[in-house]
Each structure stands twice: as C-alpha cells, then as structure tokens.
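# Structure at a glance
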Amino acid sequence: MFFLDHAWLVPFIPAVSFVVILLLGKRFPRHGAEVGVAAVGASFVLSCGAVLQWIDRVQKADDSHGVASAIGALGRGIGRLGPEGGEAHVLPVIHQFTWFENAGAKLTVGTQIDGLAVMMMFVVTLISLLVHVYSLEYMRGDRRFTHFFATLSLFTASMLLLVVASNTLQMLVGWELVGVCSFILIGHWWEEKPNSDAALKAFLTTRTGDIGLLTGVIMTYYVAQSATGHGTFNILVVNASAASAKVSHTLLLWTALALLLAIIGKSGQFPLHTWLPDAMAGPTPVSALIHAATMVVAGVYLGARLYPIFWYGLSIGTPGHGGSTRWR
C-alpha cells in the first residue's frame, strides 16, 4: 500500500515546487514552468496509484469485483454511524503525529485517506495538470510568468492539503491558503484597476464566509468534547461524536450553520455569489478552470467530509437528533 501510506507526498511535492519556482524559477530554461508541470504530474501519478490501491482495499473487504464495485469504492470509507456510535465500513488509512500538547489537549497533524479523499486527489491533480500544460502557451511572454506558475503550484498544494487533512484545523489552513492564492491569481494583472478591484472583492466576499468556517472549526472541538470528554479536531472523532446523544442538538445546529456559511462563500452561492463572475478578471486558466473545477469544489468537499454534522445538526432525513441512521 505504498501510495496510500505515502499520500502526504501528493500535497508536499507541489508545495516544494512553489518554493523552488519562487526562488530559482527564472534560472530554468522555461522560467520554472517545467518544475510546476513535473511536480503536479508526479502528484497525479501518486493519486492514480492511491485510487487503484483504495479500490483494491475495498474490493478485498467486500469480496466483490467489477466496474460498479470499483466506482463505488471511491465513495466508501467514510463510515457508518448510528446511536450506538461509529464503525468504519472500510477503515481509512491514517498517518499522523502530535504537533503539540497543552494542558492535556493534544493537537495532531496528519493525513486521512479514504474513498472521498482519493477521488478528490485524482480530480484536483488531473485538473491542475491540465491547467499547468494549457498555461505554458497561454501565459507565454507574460511579465510575471514565473510568479504565475509558482502561485499555481501553491494553489494545488493548498487544495490537496485540504483534501488529505486528518483534522478540521488542517482543513482550515488549506482552505485559507486556497483563498490567498485565488486573490493573487485573480489580481495577476493588478496594474489595471478593474483586476485589482475584482481580486479584493473575491477576497473580502469569501472571507465573510470564512468567518463561518473559523467558528465552525472551533465548535467541532466542543462537539467532540461533549461526546468523549476530550476535545479534538480529529475528523473521525468529530463525525462519530455528531451521532452521539450526548451532544446537544443546539450545538450541532449552530456548527452546521456556521460551516454552511463557509460553503456558501467558497462555492459562490447566494448571497455570497457576487465574487465569482469577477474572478474572470484573472488569466483564463485560473478563472475558467481552477476556480470552476477546483476551488469552488472545496465547499462541496467540506460538506461531504463533515456530513454527519449536517445530517444530525439539520435533522436531514430524521425526525430529530439521535435517530438510527447509516451514512456513507
């Protein structure tokens, strides 16, 4: 299971590419573009390997094969939840280490790889690779060609960090880095005032939604604390805690609403949708491909990754909190 065990390399390689291009890009024959393309290409290959290994992992657990089983595997591994607690249908591959401890509270950093993560890793790296290749000619001769490819690499690394995060605090870091890269890329030609205005509008509008994310992430800590007695940002624990009858439905409701505000902002939904048309001020590879196929999907991914919060907090399909429900 090399690819699943080393999934941390998928966001790490583009992050290293960002540093290399930023510091040494102008010394390369293609001014750093070749470094960005190679890095994203390597991440794409690793993602393909992770997809294949995850499908094999699920098929062995279910003793099933075929195209339908393979496609279904990409949505598996989130788990099953009910009033009795959480039980993963196919256990995710988790690697993490302790960042720091304070007053008994332990904060970990790591990766959580399951069907949802490998599917998103594949989509993000594929789209990003296509964008990088397309940009080679589209941005040829641009006055900030090297800077553009450095930011593209950071954009890709940030989105992948969000995808593989094992806790909500890591997701917050990836989420905000994506927003910063979006601001930089939309305002790439900042000398023209409409472009700089569009970048500021996108940044401030999405930051309004991010107030909800910051609030929601803090609340996930207390959701876990209410259920287990120990606060944590760990996604598996938070999702399992959402199904616990020990957690106040009011807390879950406000957590779900706060996270929903973040999704509305990032995904360009009403009433925080006004930034998305202005994103066209950036270069076409950014506005037409990155924002449409990657950044906006971050909101959808957040909803999927923390779906139990929404399921129980908003009482979706249940008469109330604590109903016996399976989720995947």
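Here we summarise the structure given alongside this text. (Residues numbered from 1 in each chain as written. Predicted model: local features only at pLDDT ≥ 70, side-chain atom pairs only at ≥ 80, totals over all residues. Heavy atoms only, no water.)

## Points about the overall build of the protein
Rules: Helix and strand definitions here come from DSSP, where helices need a minimum of 4 consecutive H or I residues and strands a minimum of 2 consecutive E residues; each element is numbered from the N-terminal end. When a residue's accessible area, from a 1.4 Å probe over protein chains only, is under 20% of the maximum for its type it is buried; when over 50% it is exposed; and in between it is partly exposed. By the convention used here, residues are in contact when the closest approach between their heavy atoms is within 4.5 Å. Surface exposure here means Shrake-Rupley accessible area, sampled with a 1.4 Å probe, where a residue is shielded only by the protein chains that are shown.
Secondary structure assignment for the protein yields 13 helices and four strands. Within the protein, buried positions represent 52% of all 328 residues. Long-range contacts, defined here as pairs at least 24 residues apart, represent 71% of the contacts in the protein between residues at least 6 apart. Surface accessibility of the protein: about 14,100 Å² in total, with carbon and sulfur atoms responsible for 68%.

## Considering the nonpolar core
In plain terms, the rule: In this text, buried Ala, Val, Leu, Ile, Met, Phe, Trp, Tyr and Cys residues form a nonpolar core when linked through side-chain atoms within 4.5 Å.
Membership of the largest hydrophobic core comes to 84 residues, with the highest contact counts inside it found for M121, L302 and I309. For this core, the element with the highest residue contribution is helix α6 (residues 145-164), accounting for twelve residues. Other than its neighbours up to four places away in sequence, I309 contacts V223, V238, A242, L252, T255, A256, L259 and L314.

## Overview of the layout of surface pockets
Filter applied, for reference: Cavity and pocket criteria rest on a 1 Å grid covering protein atoms alone: a 1.4 Å probe that fits but cannot get out defines a cavity, protein on both sides within 12 Å along at least 5 of 7 lines defines an open pocket, and an atom within 4 Å of a point defines a lining residue. Grid points are joined across faces, edges and corners, and a volume is the space filled by probe spheres set on the points. In this count, Pro and Cys sit with the nonpolar residues alongside Ala, Val, Leu, Ile, Met, Phe, Trp and Tyr, while Asp, Glu, Lys and Arg are called charged and the others, Gly among them, polar.
Each pocket or cavity is described by its volume, and for the largest pocket that value is around 250 Å³. Sort the elements by how many residues they give to the lining of the largest pocket and α6 lands first, with five residues. Roughly 160 Å³ of internal volume is contained in the second largest pocket. F100, N102, A105, K106, L107, T108, N167, Y221, G231, T232, F233 and N234 together form the lining of the second largest pocket. For the lining of the second largest pocket, the element with the most residues is strand β4 (residues 105-113), which contributes four residues. For the lining of the second largest pocket, a count of residues per class yields five nonpolar, six polar and one charged.

## A look at empty space enclosed by the protein
As enumerated under the stated definition, the model contains one cavity of 30 Å³ or more in all. A volume near 30 Å³ is recorded for the largest cavity. Considering the residues around the largest cavity, the lining is formed by G179, S182, F183, I186, A199, A202, F203, T206, W275 and M295. Looking at the lining of the largest cavity, the elements with two or more residues in it are α7 (168-186) and α8 (193-228). Here the lining of the largest cavity is composed, by residue class, of seven nonpolar, three polar and no charged.

## Re the packing of α7 against α8
Condition: Here, axes are lines fitted to C-alpha atoms. For helices the fit covers the stretch in contact, and angles between N-to-C directions go from 0 to 180 degrees. Should an angle fall under 35 degrees it is taken as roughly parallel, and over 145 as roughly antiparallel, whereas 65 to 115 is taken as roughly perpendicular and any remaining angle as oblique.
Where α7 contacts α8, the axes come no closer than 9 Å and their chain directions differ by 175°. Judged on the interaxial angle alone, α8 and α7 are roughly antiparallel. Contacts between α7 and α8 involve T168, L169, L172, W175, E176, G179, F183 and I186 from the first element and N195, A198, A199, L200, A202, F203, R207, D210, L213, L214, V217 and T220 from the second. In terms of residue class, the contact of α7 with α8 is made up of 13 nonpolar, four polar and three charged.

## Side note on the environment of F28
Within the secondary structure layout, F28 lies in the loop between α2 (9-24) and α3 (33-62). If we ignore the near neighbours within four places in the chain, the residues touching F28 are V20, E34 and V35.

## Topic: α2
Spelled out, the test is: A helix is expected to span 1.5 Å for every residue after the first.
Helix length check: α2 (16 residues) gives 21 Å between terminal C-alpha atoms against 22 Å at 1.5 Å per residue, within 8%. Listing the buried residues of α2 in full gives L9, V10, P11, P14, S17 and I21.

## Some points on the pattern of salt bridges
This is how it is decided: Whenever Lys or Arg places a side-chain nitrogen within 4 Å of a carboxyl oxygen from Asp or Glu, that contact is recorded as a salt bridge.
Per the counting criterion, the structure on display carries eight salt bridges. A salt bridge links E176 to R207, with the shortest nitrogen-to-oxygen separation between them at 3.3 Å. With a gap of 31 residues between them, E176 in helix α7 and R207 in helix α8 connect regions that are remote in the sequence. We classify R207 as buried; its relative accessible area is 16%. Note that K201 and D278 form a salt bridge whose closest N and O atoms lie 3.2 Å from each other. A residue pair is termed long-range when its members are at least 10 positions apart, and K201 in helix α8 and D278 in helix α11 (residues 275-278) qualify at 77 residues. Among the charged side chains, a salt-bridge network with shared partners connects R143, R144 and E191.

## Brief notes about the pairing of β4
So the rule is basically this: Paired strands, in this sense, are two strands between which DSSP finds at least two bridges.
Where strand β3 (residues 93-102) meets β4, nine bridges bridge the pair, whose relative direction is antiparallel. The residue of β4 that forms the bridge with N102 is A105. The turn joining β3 and β4, which pair antiparallel and follow one another in sequence, is formed by two residues; a positive phi near 55° is taken by A103.

## Quick look at the packing of aromatic side chains
Each aromatic ring pair is summarised here by two numbers: the centre-to-centre distance and the angle between the ring planes. What counts, and what does not: Between 30 and 60 degrees the pair is tilted, below 30 it is stacked and above 60 it is edge-to-face, where a pair is any two Phe, Tyr or Trp rings, Trp via its six-membered ring, whose centres lie within 6.5 Å.
The tally for this structure, following the rule as stated, stands at eleven aromatic pairs. An angle of 55° between the planes, with centres 5.1 Å apart, marks the rings of F183 and F203 as tilted. Note that F183 is positioned in helix α7 and F203 in helix α8, a separation of 20 residues in sequence. Judged by relative accessible area, which is 29%, F183 ranks as partly exposed. Note on F203: relative accessible area 27%, which makes it partly exposed.

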